[in-house]
Amino acid sequence: MFLRTMMVLAVIPAMVFSAPAVGTARMKVGTVERWKAKQDLWKPIGNGAKVYQTDKVRTGEESEVTIGLQDGSAIRIGEKSVVEMETLFEPNDEGGFETKIDVEKGFLNFAVHKLKSKKSKFIFKTGTATASIRGTEGYIGGEDVFFAGLKTGKLEITPNGSDQSVMIGAGETTFGRDSLVVVKLASSGEARFAKRLSKILADKSKSVKDLQTELQKADSTFQEELKEEAKKAATTLPENGFIVTTGSPADVCEEGLSIDGSYRTADENASLVLKVGKGYTSNNLIHATDGQAHSFSEKIVISDENGLWTADKATLEFKGAGITSSKTVDLHVNKACAEVNTKAPSVVIASYDSLRCVANVSVGEMKNDAALLAFESDGSQVSEETVTKNAQKRLKLQKGRHEYVVRVEDQAGNKTEVSKKMGCYPNKRFPIDVLGGPKEILKVPPPPQDFVDRITQTLQFRIRIPENDPEYLYKVTVRQAGKVILQESLSQIHTLDYQIPVTLSRSTRNIIDIEVVHKSGYISRAKKEYEVR
């Protein structure tokens, strides 16, 4: 029965997945195409299309597209650019996640959430440099001339062929060919400014000093334009309608989502509602219809529990005085935030096979999430891999019986682990070596008259299992004339070498049977016959 419980009748097949999805394309403008690995063909993609690891995305002139990543971060690929989604949430040598995006041509804007672990990395590559960030917002690109700028956070850039890094912070932009120049620009990190910057730096006839002057002029012009836009927005509240003051995109983390703005209407039946994803519609945000300007504010909890954490936009809809209008705010939902990512993934050791030495693990509650799956044996890590969806995983067991721990931890640090003692006993043949061979003739003179004719002998044998460890044995049984004279099982077995005293009879066949059962279920037998003369 022990052996039968140790052997699993069916093994769940390991599921084979394609490359994990990087994210979703949205806010496409103009011509946007995707190149998939092994197809060697560019095909158009539209809003809602899934983009996968190793895919390339290409944009045409006056074109752009935003790729929303699984952790809520986003990149907006500018015009005439080619970007490869090289890796996403891959385990690195330091025990964290690593995401790497290759800007082969052109530029992109990024809004990357702060990484939870110091061991994790988010890396951008261009043809001239590599940049590592830990959560920030800005732009990066350039072909002949590298450039990068930050609105928030920090960025460490290492030019190709150099071991010297350049660090920039919020409000700073760096550019250069052979070396990098850092300048302070109020427009650093602004998405629309990146396009102007890339066009200025494309002029190969200008020196670095001239380019710096051009950038500063462009920065001043852009800031003046922003001020004019702000003034216009403040005075353009329609008689029946609304404006939104919340910036787009809106970062969503521990404080949830807050949408603010102003409205004005004299229609008593007017309505203004906020919709987020498919699961949330607010009450009417209009509380006064006197034709005067009034403010509104709506706060929403965004989490995996309420299903809103996959939403990529919030939409405000106004109806009143025969007018219908709507506006959207793009969302960056940070799935590394504990208030957003509240549900821990699940993990179960579904079964294990002691003969094939594999355990079958089921990982659940992983919809729209990413996690590290770690496998430990007796406190030492055996393996680690990334999971981005519910999955069945087959894990290899080590020989012998060990205490295993399977742990899954998502981006927000939600952790679940299970432990189980499991054995690995491959089915291998093994012999039993009996000292003196299978038959031995003993010449023992008869005792004097009136003395008991008692003959004793020591039976010696060795169990030659491949592992050379009694831990792998289930039972050892020795019988003489069908009667059990020794039986040990499991923890009682401490050796592979046996010396057992036996009592023999004269003028008869003294047959001793040895049976050894391996934990794999394999049974080895040996026989010893003594003849006393």
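Owing to the predicted nature of the structure, the values given are computational and were not obtained by experimental measurement. (Residues numbered from 1 in each chain as written. Predicted model: local features only at pLDDT ≥ 70, side-chain atom pairs only at ≥ 80, totals over all residues. Heavy atoms only, no water.)

Chemist: Just to check I follow, could you spell out the sheet that holds strand E35 (residues 439–442) for this structure?
Modeler: Overall, mixed pairing links the five strands, which are arranged E35-E41-E40-E37-E38 in an open sheet. Single-partner strands in this sheet number two, and they are E35 and strand E38 (483–489). Pairwise comparison of adjacent strand axes, ignoring direction, gives a mean angle of 15° for this sheet. Across four bridges, E35 lies against strand E41 (residues 523–532) in parallel orientation. Looking across to E41, one finds that Leu 442 is bridged to Val 532. (Pairing = 2+ DSSP bridges. Helix = DSSP H or I, 4+ residues; strand = E, 2+ residues; numbered from the N terminus. Axes fitted to C-alpha atoms, helices over the stretch in contact; angles between N-to-C directions.)

Chemist: Looking at this model, I keep getting lost on the nonpolar core. Mind explaining?
Modeler: Within soluble globular proteins, side chains that are nonpolar generally end up buried alongside one another. Ile 67, Ile 75, Met 85, Leu 108, Phe 110, Phe 124 and Ile 140 are the most contacted members of the largest nonpolar core, which totals 38 residues. At four residues, the largest contribution of residues to this core is made by strand E8 (residues 82–91). Sequence-distant contacts of Ile 67, that is, excluding residues within four places in its chain, are made with Thr 24, Ala 25, Val 51, Ser 73, Ala 74, Ile 75, Ile 77 and Met 85. Listed in part, the 28 residues of the second largest apolar core include Leu 442, Leu 459, Tyr 498 and Ile 514. (Core = buried A, V, L, I, M, F, W, Y, C linked by side-chain atoms within 4.5 Å. Buried < 20%, exposed > 50% of the residue type's maximum accessible area, 1.4 Å probe, protein only. Contact = heavy atoms within 4.5 Å.)

Chemist: How should I be thinking about helix H2 (residues 191–201) in this particular structure?
Modeler: Taken together, the buried positions of H2 are occupied by Phe 193, Ala 194, Leu 197, Ser 198, Ile 200 and Leu 201. All buried residues of H2 lie within an arc of 160° about the axis, which places them on one face of the element. (Arc of directions from axis to C-beta.)

Chemist: Just to check I follow, could you spell out the state of the cysteines for this structure?
Modeler: Among covalent bonds in proteins, the disulfide is the one between the sulfur atoms of two cysteines. All told, the structure shown has two disulfides when counted by the stated rule. The disulfide partner of Cys 253 is Cys 337, and the S-S distance across this bridge is 1.9 Å. Across the S-S bond linking Cys 253 and Cys 337, the dihedral sits near 90°, which makes this disulfide right-handed. Taken as a pair, Cys 253 in the loop between strand E20 (250–252) and strand E21 (257–264) and Cys 337 in the loop between strand E26 (323–333) and strand E27 (346–353) lie far apart in primary sequence, 84 residues in all. Between the sulfur atoms of Cys 357 and its disulfide partner Cys 424 the distance amounts to 2.0 Å. Between Cys 357 and Cys 424, the S-S torsion sits near 85°, and that sign places the bridge as right-handed. Remark: Cys 424 occurs in strand E33 (residues 415–424) and Cys 357 occurs in the loop between E27 and strand E28 (358–364); sequence separation between them is 67 residues. (Disulfide = S-S within 2.5 Å.)

Chemist: Just checking my understanding: could you explain the pairing of strand E25 (residues 313–320) for this structure?
Modeler: If a strand is regular, its side chains alternate between the two faces of the sheet. Strand direction decides the pairing type here: strand E22 (residues 271–276) and E25, joined by six bridges, are antiparallel. Each residue of the ladder has a partner; that of Leu 272, found in E25, is Phe 318. Pairing of E25 with E26, which is carried by eight bridges, proceeds in the antiparallel orientation. In the strand pairing of E26, Glu 317 is matched with Ser 326. Hairpin connection between E25 and E26: a loop of two residues separates the two successive antiparallel strands, and Ala 321 in this loop has a positive phi of roughly 55°.

Chemist: Can you walk me through the sheet that holds strand E32 (residues 400–410) in this structure?
Modeler: Across a sheet, paired strands are connected by hydrogen bonds in the backbone, their directions being either parallel or antiparallel. The four strands are arranged E30-E29-E32-E33 in an open sheet whose pairing can be described as antiparallel. Each edge of the open sheet carries a strand with a single partner, namely strand E30 (380–387) and E33. Neighbouring strand axes in the sheet, compared pairwise and without regard to direction, differ in orientation by 20° on average. In terms of strand pairing, strand E29 (residues 371–377) meets E32 through seven bridges, oriented antiparallel.

Chemist: Would you take a moment to explain the environment of Lys 206 for this structure?
Modeler: By the secondary structure assignment, Lys 206 is in the loop between H2 and helix H3 (208–234). Taking relative accessible area as the criterion, Lys 206 reaches 25% and is therefore assigned partly exposed.

Chemist: What should I look at first to understand the pattern of salt bridges in this one?
Modeler: It is possible for side chains bearing opposite charge to pair when their charged atoms get close. Scanning the model with the defined rule gives 32 salt bridges in all. In this structure, Arg 58 and Glu 33 form a salt bridge, with 2.7 Å as the shortest nitrogen-oxygen distance. With Arg 58 in strand E5 (residues 56–59) and Glu 33 in strand E2 (residues 32–35), this residue pair connects regions lying 25 residues apart in the sequence. Exposure remark for Glu 33: the relative accessible area of 19% places this residue in the buried category. For Asp 497, the salt bridge goes to Arg 462, with nearest N and O atoms at 2.5 Å. Of this pair, Asp 497 sits in strand E39 (residues 497–504) while Arg 462 sits in strand E36 (residues 455–463), placing them 35 residues apart in sequence. By relative accessible area, Arg 462 is classed as partly exposed at 21%. (Salt bridge = Lys/Arg side-chain N within 4 Å of Asp/Glu carboxyl O.)

Chemist: Could you clarify how one ought to interpret the packing of aromatic side chains in this entry?
Modeler: Aromatic rings in a pair are described by how distant their centres are and how their planes are angled relative to each other. Per the stated rule, a full pass over the model turns up ten aromatic pairs. A centroid spacing of 6.3 Å and a plane angle of 50° characterise the contact between Phe 107 and Phe 147, whose relative ring orientation is tilted. You can see Phe 107 sitting in strand E10 (residues 107–112) and its partner Phe 147 sitting in strand E14 (residues 146–152), a full 40 residues away along the chain. With respect to class, Phe 107 is no different from Phe 147; both count as buried. Centre to centre, the rings of Phe 430 and Tyr 522 are 5.4 Å apart; their planes meet at 65°, and the pair counts as edge-to-face. One end of the pair, Phe 430, is in the loop between E33 and strand E34 (432–434); the other, Tyr 522, is in the loop between strand E40 (510–518) and E41, with 92 residues separating them in the sequence. Within the aromatic cluster, the residues linked to one another by ring pairs are Phe 107, Tyr 139 and Phe 147. Positioned over the ring face of Trp 309 is Lys 335, at 4.6 Å from the centre of the ring. (Phe/Tyr/Trp six-rings, centres within 6.5 Å; stacked < 30°, edge-to-face > 60°. Lys NZ or Arg CZ within 6 Å of the ring centre and 35° of its normal.)

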